[in-house]
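This is what each chain is made of:
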Amino acid sequence: MTTTPAPQTETWTIQRLLAWTRDFLAQKGSPSPRVDAELLLGDTLGLRRLDLLLRFDQPVQKNELAAFKARIQRRARGEPVAYILGYKGFYGLDLKVGPAVLVPRPETETVVDAILAFLKQDAPLGDVLDLCTGSGAIALAVAHALQKPTVDARKPAPEPQPPRAVVATDLSREALAVARENAATLGLQVEFRQGDLFQPVPERGRYAVVASNPPYVTTAR
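Okay, so let's go over this structure. Starting from 1, residues in each chain are numbered consecutively following that chain's sequence as written. Residues qualify for local features only when their pLDDT is at least 70, as the model is predicted, and side-chain atom pairs are given and counted only at 80 or more; totals for whole chains, interfaces and linings, by contrast, use all residues. Water and hydrogen atoms play no part in the side-chain values, which are based on all heavy atoms of the structure.

1. Let's talk about a nonpolar patch on the surface
Item 1. Any residue with relative accessible area above 30% and no salt bridge may belong to a patch, with like charges joined within 9 Å and the nonpolar Val, Leu, Ile, Met, Phe, Trp and Tyr side chains within 5 Å. Under the convention used here, a 1.4 Å probe and the Shrake-Rupley method define accessible areas, while residue burial counts only the protein chains that appear. Salt bridges are identified by distance alone: a Lys or Arg side-chain nitrogen within 4 Å of an Asp or Glu carboxyl oxygen. Taken together, the side chains of Leu50, Leu53 and Leu54 present a nonpolar region at the surface, about 300 Å² in accessible area.
Item 2. With respect to the helices and strands, the residue Leu53 is situated in helix α3 (residues 49-54).
Item 3. Residue Leu53 is classed as partly exposed on the basis of its relative accessible area, which comes to 40%. We count a stretch as a helix when DSSP gives it H or I for four or more residues in a row; a strand needs E for two or more, and each element gets its number in order from the N terminus. Each residue's exposure class comes from its accessible area (1.4 Å probe, protein chains only) as a fraction of the maximum for that residue type: buried when under 20%, exposed when over 50%, partly exposed otherwise.

This is the structure in structure tokens:
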């Protein structure tokens, strides 16, 4: 199979293009070829994944096909889908990602769940500290929940929580630039500090929660 749909005299509908791309990416070793195809084509066309299913017969224009082809070639070389799209959804937030940071994983949302559950109980006074923040995923998700709490009209109003700041550190200047941009885009208040682990936050005793999901590292020496 070639790396490009051919020939251009044929009409490429959304359905046909998704089927071709799924098979192509599967051959290239993608563990999720169908999802990859839907995410990349949907973003290229400005459509949600559900819209793709509702518009199976819609023709894909030549310029759209060219843009999609370039993205598929990047994915076939092993580049993460999130890097190609430029963002990744995490805990209801769209976060900018790129080579300077790792892509937030869905299972990391359980860390945010644990933090928020702890803070709703009898957590001590103090702020929240996120070490090795990367894109800022954990810190920003917690800040979003603390600054914009959801209210369930069916339940009594929750007890007011003590004000808590969110502080995040990372050794990488490039990663912090991504995290700060995410915070600015989302309108969230997080204090970012550059340094190794606790080094930029000597006042450790005032934190109610210390969270960390550091990058995977090799055991080779």
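2. Here's the deal with the pairing of strand β5 (residues 191-194)
Item 1. The pairing criterion for strands is at least two bridges between them, as found by DSSP. Pairing between strand β4 (residues 166-170) and β5: four bridges, direction parallel. Bridge assignment links Ala168 to a residue of β5, and that residue is Phe192.
Item 2. Handedness of the crossover joining β4 and β5 through helix α8 (residues 173-186) is recorded here as right-handed. Whether a crossover is right-handed comes down to one check: with the strands pointing away from the viewer, does the path from the first strand over the helix to the second run clockwise; if it does, it is right-handed.

3. A closer look at the pattern of salt bridges
Item 1. All chains considered together, the criterion is met by ten salt bridges.
Item 2. For Arg49, the salt bridge is made with Glu38, and the minimal N-O distance between the two is 2.8 Å. One end of the pair, Arg49, is in helix α3; the other, Glu38, is in helix α2 (residues 33-45), with eleven residues separating them in the sequence.
Item 3. Taking the relative accessible area as the measure of exposure, Arg49 reaches 38% and is therefore partly exposed.

4. Comments concerning the layout of surface pockets
Item 1. Looking at the second largest pocket, its volume works out to about 680 Å³.
Item 2. Around the second largest pocket sit 30 residues that line it, and Leu102, Val103, Pro104, Asn213 and Pro215 are the ones nearest its centre.
Item 3. Polar here means any residue other than Ala, Val, Leu, Ile, Met, Phe, Trp, Tyr, Cys and Pro, which are nonpolar, and Asp, Glu, Lys and Arg, which are charged; Gly is therefore polar. Looking at side-chain class alone, the lining of the second largest pocket contains 17 nonpolar, seven polar and six charged residues. Only protein atoms enter the calculation, which uses a 1 Å grid: trapped sets of points that fit a 1.4 Å probe without letting it out are cavities, open sets showing protein on both sides within 12 Å along at least five of seven lines are pockets, and any residue with an atom within 4 Å of a point is a lining residue. Grid points are joined across faces, edges and corners, and a volume is the space filled by probe spheres set on the points.

5. Focus: the packing of aromatic side chains
Item 1. Stacked, edge-to-face and tilted labels apply to pairs of Phe, Tyr and Trp rings (six-membered ring for Trp) whose centres lie within 6.5 Å, assigned for plane angles under 30 degrees, over 60, and everything in between, in that order. Applying the stated criterion to the full structure yields three aromatic pairs.
Item 2. Aromatic pair Trp12 and Trp20: ring centres 6.5 Å apart, planes at 85 degrees, arrangement edge-to-face.
Item 3. When the ring of Phe90 is compared with that of Tyr91, the centres are 6.4 Å apart and the planes differ by 40 degrees; the resulting orientation is tilted.
Item 4. For Phe90, a relative accessible area of 1% corresponds to the buried category.
Item 5. Classification of Tyr91 by relative accessible area gives partly exposed; the value is 28%.
Item 6. An aromatic cluster is built from Trp12, Trp20 and Phe24, whose rings are joined through pairwise contacts.
Item 7. In this analysis the charged atom, NZ for Lys or CZ for Arg, is taken to sit over a ring once it is within 6 Å of the ring centre and within 35 degrees of the ring normal. The ring of Trp12 carries the charged tip of Arg16 above its face, separated from the ring centre by 3.9 Å.

6. Focus on α2
At 3.6 residues per turn, the α-helix brings residues three or four places apart onto the same side.
Item 1. Here, expected helix span is obtained from the residue count minus one, scaled by 1.5 Å. The terminal C-alpha atoms of α2 lie 18 Å apart, and with 13 residues this matches the ideal 18 Å at 1.5 Å per residue to within 8%.
Item 2. Restricting attention to buried positions, one finds in α2 the residues Pro33, Asp36, Ala37, Glu38, Leu40, Leu41, Gly42, Thr44 and Leu45.
Item 3. On its buried face, α2 is in contact with α1 (14-27), α3, α4 (62-76) and α5 (81-85).
Item 4. Taken from the residues just after α2, Gly46 is the one with a positive phi, measuring 75 degrees. Any two residues having at least one pair of non-hydrogen atoms within 4.5 Å are treated as being in contact.

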